[in-house]
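# A structural walkthrough
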Amino acid sequence: MLVHSRTGRAASWALFAVLFVPLFAVPLLVILAASFSTHWSGAFPSGPTAGHYTAAVRGESLQALTTSLVTAAAASALALTLGTWAALAAAALRGRGRRLLDALFVLPLAVPSVVVGLAVLVAFSRPPILLNGTRWIVILAHTVLVTAFAHQSVSAAIRRLDPMYEQAAAGLGARPWYVLLRVKLPLLLPSLGAAAGLCFALSMGELSATMMLYPPDWMPLPVLVFTATDRGSLFTGSALAVVLMATTLLVLLAVSRIRTKATYR
């Protein structure tokens, strides 16, 4: 909404501050403050220390962070590949076929993630495809959960593409695969970057399905955060949560920078 008067802009900023600060900023600031504290004093954490971060970047915590990064990167790559393929295939279909394909890829969004985790656990706990107890079942579950977002993002971008580019390339004799690789996909790069960043962020924070599936040697960082807080280690859990947020934010900023460069190519 565009506000042109000074009073209107001031009111808009005031409303934004009233809504944003209590709902978003304060909880995150409390976690940040707790990560540098040793105990609570009244309503606020106190006892400044950086010791929680020393434990959060070594040993089990570092391994959990690495596990989350590998899982998120693998799931994002698979989801982006599958989602893009499905979006391109759906764009070539008409009517019921397109609706059926879209519904199939959006289905994981219609159920809680814990249901997806249970479905993956039941489906891949027996031969011929036995993944239970391995890292691959976690990566598979994350892929299933985030593919819908990749599919929706790329589908929306395909609908906005001007078909004249493809028609011009085809009119000049370009084969379909050449049009796809050299015309359509380059035009979709900004949307692909946005979809990759979204999939990565969602995978980094996924907990419900992961709790049902992770083996002892493949524990992502959100599980470690939950475990620490469940044991009563609130300040250690806060430090781990800050590390998780900071890492995710850095990756998203890097993806955003790459996407911006792709936009102005």
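Residues numbered from 1 in each chain as written. Predicted model: local features only at pLDDT ≥ 70, side-chain atom pairs only at ≥ 80, totals over all residues. Heavy atoms only, no water.

### What to know about the overall build of the protein chain
Scanning the protein chain from terminus to terminus reveals 11 helices and 2 strands. Going from the N terminus to the C terminus, the protein chain shows its helices and strands as α-β-β-α-α-α-α-α-α-α-α-α-α. With the principal axes as the frame, the protein chain shows a C-alpha extent of 70 × 65 × 30 Å. Across the 265 residues in the protein chain, those meeting the buried criterion constitute 35%. Long-range contacts, defined here as pairs at least 24 residues apart, represent 66% of the contacts in the protein chain between residues at least 6 apart. Total accessible area computed for the protein chain in this model is approximately 15800 Å², and 70% of it derives from carbon and sulfur atoms. Put simply, the protein chain has 19 plus and 7 minus side-chain charges, and the middle of one group is 11 Å from the middle of the other. (Helix = DSSP H or I, 4+ residues; strand = E, 2+ residues; numbered from the N terminus. Buried < 20%, exposed > 50% of the residue type's maximum accessible area, 1.4 Å probe, protein only. Contact = heavy atoms within 4.5 Å. Areas by Shrake-Rupley, 256 points an atom, 1.4 Å probe, with all protein chains shown as cover. Lys, Arg positive; Asp, Glu negative; His and termini not counted. Charge placed at Lys NZ, Arg CZ, Asp CG, Glu CD.)

### A short note on the nonpolar core
Counting 19 residues, the largest nonpolar core has L221, L224, L240 and V243 as the members making the most contacts within it. Of all elements in the fold, only α2 (51-56), α3 (59-91), α8 (176-205), α10 (221-230) and α11 (234-263) reach the threshold of two or more residues within this core. With residues near it in sequence (within four places) discarded, L221 still touches S61, A64, L65, S68, L240, V243 and L244. Membership of the second largest hydrophobic core comes to 14 residues, among which are L88, A157, L192 and A195. (Core = buried A, V, L, I, M, F, W, Y, C linked by side-chain atoms within 4.5 Å.)

### So, the UniProt feature "domain: ABC transmembrane type-1" (unreviewed entry) in the protein chain
The feature "domain: ABC transmembrane type-1" (unreviewed entry), as annotated in UniProt, sits at residues 65-255 in this numbering. Annotated as residues 65-255, this span is 80% helix and 0% strand, and its ends, taken at the C-alpha atoms, are 19 Å apart. (UniProt positions renumbered as here; feature names shortened; annotations may be inferred.)

### Observations regarding the UniProt feature "transmembrane region" (unreviewed entry) in the protein chain
According to UniProt, the positions carrying the feature "transmembrane region" (unreviewed entry) are residues 12-36, 69-93, 100-124, 136-158, 187-214 and 234-255. Structurally, residues 12-36 is divided into 96% helix and 0% strand, and its ends, taken at the C-alpha atoms, are 34 Å apart. With 89% helix and 0% strand, residues 187-214 has end C-alpha atoms that lie 38 Å from one another.

### With respect to the packing of aromatic side chains
Any two aromatic rings considered together are summarised by their centre-to-centre distance and by the angle between their planes. In total, this model carries 1 aromatic pair according to the counting rule given. Measuring from ring centre to ring centre gives 4.8 Å for F36 and Y53, while their planes differ by 40°; the resulting arrangement is tilted. Here Y53 lies in helix α2 and F36 lies in the loop between α1 (6-35) and β1 (39-41), a separation of 17 residues in the sequence. The partly exposed category is assigned to F36, whose relative accessible area is 37%. Taking relative accessible area as the criterion, Y53 reaches 17% and is therefore assigned buried. (Phe/Tyr/Trp six-rings, centres within 6.5 Å; stacked < 30°, edge-to-face > 60°.)

### Topic: the packing of helix α7 (residues 163-171) against α8
Contact pair α7 / α8: the axes reach a minimum separation of 10 Å and the direction vectors enclose 160°. Judged on the interaxial angle alone, α8 and α7 are roughly antiparallel. Where α7 crosses over α8, the handedness of that crossing is right-handed. Between α7, through Y165, E166, A169 and A170, and α8, the contact on the second element is made entirely by V179, V183, K184 and L187. Residue classes in the contact of α7 with α8 are distributed as 6 nonpolar, no polar and 2 charged. (Axes fitted to C-alpha atoms, helices over the stretch in contact; angles between N-to-C directions. Parallel < 35°, antiparallel > 145°, perpendicular 65-115°, else oblique. Left-handed = near helix turned anticlockwise from the far one by under 90°. Nonpolar A, V, L, I, M, F, W, Y, C, P; charged D, E, K, R; others polar.)

### A short note on the environment of L15
Note that L15 resides in helix α1. C-alpha of L15 to C-alpha of L253: the two residues are 238 residues apart in sequence and 28 Å apart in space.

### Notes on the side chain of T247
Relative to the helices and strands, T247 resides in helix α11. With a relative accessible area of 16%, T247 lands in the buried category. In this structure, T247 is in contact with L65, L69 and M204, ignoring residues within four places of it in sequence.

### Points about helix α5 (residues 113-123)
Burial in α5 covers these residues: S113, V116, G117, V120 and L121. Considered in projection along α5, the buried side chains sweep an arc of 135° and stay on one side of the axis. Contact partners of the buried residues in α5: α6 (135-160) and α9 (208-213). (Arc of directions from axis to C-beta.)

### Let's talk about the packing of α3 against helix α4 (residues 96-106)
What describes two packed helices is the angle between their axes and the distance between those same axes. Running from N to C, α3 and α4 point in directions that differ by 165°, and their axes come no closer than 9 Å. By the angle class used here, α3 and α4 are roughly antiparallel. Crossing hand, α3 versus α4: left-handed. In this structure, α3 uses L82, W85, A86, A89, A90 and A91 to contact α4, whose residues at the interface are R98, L101, D102 and F105.

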